[in-house]
Amino acid sequence: MMFLFALLFIYAIIPYILSTWFSTGVYRKGKKNGEIALTFDDGPDPNYTPELLDLLRREGVKATFFLVGERAERYPELVLRIHREGHCIGIHNYVHHCNWLMAPWKNARALEHSARIIEKITGEKPAYYRPPWGMIQLFDFFLHRQFKMVLWSRMFRDWRKKGGSEKISQGLPTRVKSGDVILLHDCGVTWGADEDAPHYTIKGLRHAIPQLKKRGFRFVRIDEMFNTEPSSAEMGRIRKDRELIHE
């Protein structure tokens, strides 16, 4: 029993502590004053992702979506829309399973499969990876070096509908600080979530985004926040966005 506990401690608990408490091997918080990043997990979802994208487009906000590979495969038109509207796409694994319960090689294959699915749809291979529930295990630090792991610095438990839209509409404007990577969800069909929870998230964002703008915050993608090198296609899209802004 002690041997199994020691193995679990080394395999899962130590990596979780290192990544969550000390940001070892992961991106969790930006450093530039006034920048924040909205990130959305578990999608795409045919009901809520289009509604969210409509809102982001109206507000001129760019975000980052960590997609479940199986859902990206099922809804390629939504993946393409996310990409075409200038948002950053990352991987949330092929299915929403805990890494602690998956063999390292199986997890590696699932990530590569998810990356191929998204690349086939968008023409670009994702560079970012967020483990479901942020549960990082030992081999994540070594087997997935082609992906940059991203966690978060602020969350609002929006996978549950308890608290309604107010925890977003009131919580974001009052609690968010410069550099925050904000964890949100545009799909509610994963284990432990309420299926209609994204409705309240989107409703809350309609109020929160204008309030955050009034506070002077700029919404950026993960690759912009952490100064990672964008692809040539992304650079072209960023230049186009800037030209439209200055017209």
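Use the structure listed above.
In this report, we go over the structure that sits alongside the text. (Residues numbered from 1 in each chain as written. Predicted model: local features only at pLDDT ≥ 70, side-chain atom pairs only at ≥ 80, totals over all residues. Heavy atoms only, no water.)

**Regarding the packing of aromatic side chains**
Filter applied, for reference: Each pair of aromatic rings taken from Phe, Tyr and Trp, with Trp reduced to its six-membered ring, is defined by centres within 6.5 Å and is described as stacked if the planes are under 30 degrees apart, edge-to-face if over 60, and tilted in the remaining cases. Numbered from the N terminus, helices here are DSSP runs of H or I no shorter than four residues, and strands are runs of E no shorter than two. Any residue under 20% of the maximum accessible area for its type is buried, any over 50% is exposed, and the rest in between are partly exposed; the area is computed with a 1.4 Å probe on protein chains only. Each ring is checked for a lysine NZ or an arginine CZ that lies within 6 Å of its centre and within 35 degrees of its normal; such an atom marks a charge sitting over the ring.
In the structure shown here, the tally under the stated rule is three aromatic pairs. Ring centres of Y27 and F226 lie 4.6 Å apart, and the angle between their planes is 40°; this geometry places the pair in the tilted category. Taken as a pair, Y27 in the loop between helix 1 (2–22) and strand 1 (35–41) and F226 in the loop between helix 10 (222–225) and helix 11 (232–246) lie far apart in primary sequence, 199 residues in all. Its relative accessible area of 13% is what places F226 among the buried residues. Just above the ring of Y128 sits the side chain of K148; from NZ or CZ to the centre is 5.7 Å.

**Description of the pattern of salt bridges**
Formally: Each reported salt bridge corresponds to a side-chain nitrogen of Lys or Arg within 4 Å of a carboxyl oxygen of Asp or Glu.
Across all of its chains, the model carries 16 salt bridges by this definition. When the shortest N-O distance is used, the salt bridge between D180 and K29 registers 2.8 Å. Taken together, the residues D180 in the loop between helix 8 (171–175) and strand 7 (181–185) and K29 in the loop between helix 1 and strand 1 connect sequence positions 151 residues apart. Residue classification places K29 among the partly exposed residues on the basis of a relative accessible area of 39%. Notably, a salt bridge pairs E51 with R206, separated by 2.6 Å at the nearest N-O pair.

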